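Next come the chains, spelled out residue by residue.
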Amino acid sequence: MPVAQHDITLHAPPDRVWAFIIALRYLPLWLSDVAAVQAISTSQTQAGTTFEIVRAGGRGMVEHWIVLDWEPPRSLRLTEYHADLHLRLRLEPTAGGTCLAAQLEWRQPRGLLQRLLPPTAQRRTLERSLHRLAELIDLNRDIRLLHGMGEE
């Protein structure tokens, strides 16, 4: 399976990062190209939770996801079971907050050219998503410090 990976340091403790990344309602805020998320099995994220993602950009494509691996507050794996797409997120505490390692895996493309080219688009999408997550976590921290808001 092809793989795209990216790591980022977030300026928040692992438990706060975990709470944010597992909240399905926040996925459209930080995951690139996600317009909406709808919980199917339960609104609380846990192993076995199923949900739908509606893609942005006029495509309106609906994907069916499930939480397969669940190790709070350290790691989880989300899988789109029709396209055989996997998003793994792993959190490690650091002196400055949390290191979030993300890995995106997908089914091997059929064409020879697609198999030979590096997964540039997927890597960029993953990087954009994690940088947006870092911005949101920093913004949430700043709002909470300045106005006493932002706790969930």
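Computed from a prediction, not measured in an experiment: that's the story for all the values here. (Residues numbered from 1 in each chain as written. Predicted model: local features only at pLDDT ≥ 70, side-chain atom pairs only at ≥ 80, totals over all residues. Heavy atoms only, no water.)

**Q** Let's hear about the environment of Gly-57: which residues, and what values?
**A** The topology assignment puts Gly-57 in the loop between strand 3 (50-55) and strand 4 (62-71). For Gly-57 and Val-34, which are 23 residues apart along the polypeptide, the C-alpha to C-alpha distance reads 8.7 Å. (Helix = DSSP H or I, 4+ residues; strand = E, 2+ residues; numbered from the N terminus.)

**Q** So what about the pairing of strand 5 (residues 75-80)? Which residues, and what values?
**A** Of all the six residues making up strand 5, six are buried; the element is thus mostly covered by neighbouring parts of the structure. The two faces of strand 5 match: Ser-75, Arg-77 and Thr-79 on one face and Leu-76, Leu-78 and Glu-80 on the other face are all buried. Here strand 4 runs beside strand 5; their pairing, made up of six bridges, is antiparallel. Among the inter-strand pairings, Ile-66 is bridged to a residue of strand 5, identified as Thr-79. The sheet contact formed by strand 5 and strand 6 (residues 85-94) spans six bridges and is antiparallel. By the bridge assignment for strand 6, Ser-75 is matched with Arg-90. Once strand 5 ends, the chain turns through four residues before running back antiparallel as strand 6, passing Asp-84 with a positive phi of about 55 degrees. (Buried < 20%, exposed > 50% of the residue type's maximum accessible area, 1.4 Å probe, protein only. Pairing = 2+ DSSP bridges.)

**Q** So what about the sheet that holds strand 1 (residues 3-10)? Which residues, and what values?
**A** In space, the seven strands of this open sheet follow the order 1-7-6-5-4-3-2, with antiparallel pairing throughout. Edge positions in the sheet fall to strand 1 and strand 2 (34-39), since each of these pairs with one other strand and no more. For this sheet, the mean angle separating the axes of adjacent strands, direction not counted, is 20 degrees. Pairing between strand 1 and strand 7 (residues 97-105): eight bridges, direction antiparallel. Bridge pairing in strand 7 places Ala-4 opposite Leu-104. Against the sheet, helix 1 (residues 14-22) engages strand 1, strand 4, strand 5, strand 6 and strand 7, with an angle of about 160 degrees to strand 6. (Axes fitted to C-alpha atoms, helices over the stretch in contact; angles between N-to-C directions. Contact = heavy atoms within 4.5 Å.)

**Q** Break down the environment of Ala-95 for me, with residues and values.
**A** By secondary structure assignment, the location of Ala-95 is in the loop between strand 6 and strand 7. Considering only alpha carbons, one finds Ala-95 and Pro-13, 82 residues apart in sequence, at a separation of 9.4 Å.

**Q** So what about the packing of aromatic side chains? Which residues, and what values?
**A** For the coordinates displayed, the defined rule picks out three aromatic pairs. Centroid distance Trp-18 to Trp-70: 5.1 Å. Interplanar angle 55 degrees. Geometry classified as tilted. Taken as a pair, Trp-18 in helix 1 and Trp-70 in strand 4 lie far apart in primary sequence, 52 residues in all. On the numbers, 6.4 Å between centres and 15 degrees between planes, the contact of Phe-51 with Trp-65 is stacked. Placement of Phe-51 in strand 3 and of Trp-65 in strand 4 is noted, with a sequence separation of 14 residues between them. Accessibility expressed as a relative area gives 1% for Phe-51, which makes it buried. Accessibility expressed as a relative area gives 4% for Trp-65, which makes it buried. (Phe/Tyr/Trp six-rings, centres within 6.5 Å; stacked < 30°, edge-to-face > 60°.)

Honestly, it's all geometry; don't read function into it.
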